[in-house]
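Chains, contacts and geometry: an overview
Listed below, chain by chain, are the residues.
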Amino acid sequence: MRKRSEATRPLEAVQIDHAKVDVMIVDDETGREIGRPWITLGIDAFTRMATGFHLSLAPPTRLSASFCILHSVCDKTRWLAERGVDVDWPVAGLPEAIHVDSNSFFGRRAFVRVCREIGIETVWSEPAGARYGAHIEALIGNRLGCIPLIANVGPMERGERDPYVGPHAQRLMLSELESWIGAEIAGGYHCRKHRDLGRAPLALWRQHMRPELLRMPLDCVNFRLSLLPDDEGALAEDGLRLLGRLYWSRAFADDLAAGRRRLEVRYDPRDLSRIFVRRPSGRFVKARERRLFGPLHEDAPRIESQGALAVTTASDRRAFETARRSMLAPRFDSPLYEETPADDAELSDSVASEPIAGDAALLCARKCAESCPFLLVGR
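Now for a look at the structure at hand. Since we're looking at a predicted model, the values are computed, not measured.

**Thoughts on the overall build of the protein chain**
Helices and strands together make up the secondary structure of the protein chain, namely 10 helices and 16 strands. Taking all 379 residues of the protein chain together, 55% fall into the buried category. In the protein chain, 68% of the contacts between residues at least 6 apart in sequence involve partners at least 24 apart. As displayed, the protein chain offers around 17,500 Å² of accessible surface, 50% of which is attributable to carbon and sulfur atoms.

**Section: the packing of aromatic side chains**
Under the definition given, this model contains four aromatic pairs. Ring geometry for Phe 53 versus Trp 79: centroids 5.7 Å apart, planes at 90 degrees, classification edge-to-face. Highlighted residues: Phe 53 in strand β5 (residues 50-56) and Trp 79 in helix α2 (residues 77-82), separated in sequence by 26 residues. With respect to class, Phe 53 is no different from Trp 79; both count as buried. Judged by centre distance (6.2 Å) and plane angle (85 degrees), the rings of Trp 79 and Trp 89 are edge-to-face. Of the two residues, Trp 79 sits in helix α2 while Trp 89 sits in the loop between α2 and β6 (97-101), which places them 10 residues apart along the sequence. For Trp 79, a relative accessible area of 8% puts it in the buried group. The class for Trp 89 is buried, based on a relative accessible area of 3%.

**A short note on the pairing of strand β15 (residues 271-278)**
In terms of burial, β15 is a largely internal element, seven of the eight residues being buried. Note: strand β14 (residues 262-268) against β15, four bridges, orientation antiparallel. Counterpart to Asp 268 in the pairing with β15 is Asp 271. The turn linking β14 back onto β15 is made up of two residues. In the sheet, β15 pairs with strand β16 (residues 284-289) via five bridges, with the strands oriented antiparallel. Across the sheet, residue Arg 274 finds its bridge partner in β16, namely Arg 288. Here β15 folds back onto β16 in antiparallel fashion, the turn holding five residues, of which Gly 282 has a positive phi close to 95 degrees.

**Some details on the sheet that holds strand β10 (residues 170-172)**
The strand order across the open sheet built from three strands is β3-β2-β10, with neighbouring strands paired in mixed fashion. Bordering the open sheet on either side are β3 (33-35) and β10, each of which pairs with just one other strand. Going across the sheet, the axis of each strand differs from the next one's by a mean of 45 degrees, ignoring polarity. Where strand β2 (residues 23-26) meets β3, two bridges bridge the pair, whose relative direction is antiparallel. Bridge pairing in β3 places Ile 25 opposite Gly 35. Contacts from helix α5 (residues 174-187) reach β2 and β10 within the one sheet, and its direction differs from that of β10 by about 110 degrees.

**Examining the environment of Gly 282**
Structurally, the position occupied by Gly 282 is in the loop between β15 and β16. Residues Gly 282 and Glu 264 lie 18 residues apart in sequence; the distance between their C-alpha atoms is 10.0 Å.

**Focus: the sheet that holds β15**
Pairing within the closed barrel is antiparallel, and its six strands lie in the order β11-β12-β13-β16-β15-β14. When strand polarity is set aside, the average angle formed by the axes of neighbouring strands in this sheet is 40 degrees. Two strands pair when backbone bridges link them, and strand β11 (residues 230-236) and β14 are joined in this way by five bridges, in the antiparallel orientation. In the strand pairing of β14, Asp 231 is matched with Val 265.

**Concerning helix α7 (residues 220-227)**
Counted residue by residue, α7 has seven buried out of eight residues, so it is predominantly covered. For α7, the set of buried residues is Cys 220, Val 221, Phe 223, Arg 224, Leu 225, Ser 226 and Leu 227. The residue sitting at the N-terminus of α7 and contributing the capping side-chain oxygen is Asp 219; that oxygen lies 3.0 Å from the backbone nitrogen of Val 221.

Calculation notes
Residues numbered from 1 in each chain as written. Predicted model: local features only at pLDDT ≥ 70, side-chain atom pairs only at ≥ 80, totals over all residues. Heavy atoms only, no water. Helix = DSSP H or I, 4+ residues; strand = E, 2+ residues; numbered from the N terminus. Buried < 20%, exposed > 50% of the residue type's maximum accessible area, 1.4 Å probe, protein only. Contact = heavy atoms within 4.5 Å. Areas by Shrake-Rupley, 256 points an atom, 1.4 Å probe, with all protein chains shown as cover. Phe/Tyr/Trp six-rings, centres within 6.5 Å; stacked < 30°, edge-to-face > 60°. Pairing = 2+ DSSP bridges. Axes fitted to C-alpha atoms, helices over the stretch in contact; angles between N-to-C directions. Polar contact = N/O pair within 3.5 Å; in protein donor to acceptor, adjacent residues only side chain to side chain.

Below, the structure is given as structure tokens:
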């Protein structure tokens, strides 16, 4: 097993671990305290750069690690701009290997399968005790800039009271904390001298990161969908039922005619306004929640998500269109998609590419700007 100290280049090994953030989350509308969130954090073992993170009020799961990988691999320019964070976070690309504690979350087999499909080796370490935060504490300590972390946390039983709750914690909404962490990582932690490195992580990254080390997904959409949870939905005349919600796509007409009543679905639990349904060909189409149907004016309100797979508002879309026109990239047909009838809630064209050298992260961001199926498509 490769050890952390043996990493000799950026993205050779990324440690993923979980810790509690010493901040109390309050409800957006009521102001009621909800609890302390978990952060799932990716850290490049060689440069100590934070590669990405995911916040959740639920204990760590395979999904937490998957969303952390998604945030780590994708270019973060748009993510930072959407949160009003005007700093540079240059980390992007597929790591060669991900190091995870064997008891850090459930769903180990599924996680290994997903990583193998996207070309990442998984290395499992055997910690001395069932505690979270060992990697985080060893690589960066117990702070991310000014963000206090609580490492060395034991898994909690369901219904158990959080023993770390105290009156001193700052109180924030989850969206505010996400923006604060992004700013503190990119503008604070990355730029400060690291006690073990003797220099700032960002300086080490810029010195050693070379174009040939940067691998991007061959198919951005397939990469994103592979990290989402899957389930089966029940199809009836009025639509597809999943998680107590009703969804519709005109592509379902063919399934009903063929007598198919159970369909495989991928979904993002942070935004259930749309799901991705596998067709018999193996491709996916996007289905929207039935209650969302109706005329979509350009200025109609859109459901927003605070996650990495965000659905933008109309104003965000217009602003992004301005940037898109100055960052056009070639478009390619992906084998992931199947054509659906006109005016359906369909996936936009995917972008597939060969391994990218040079400005790979920038090119990936440009392609996402040109066509991203995780954004609502204007009619």
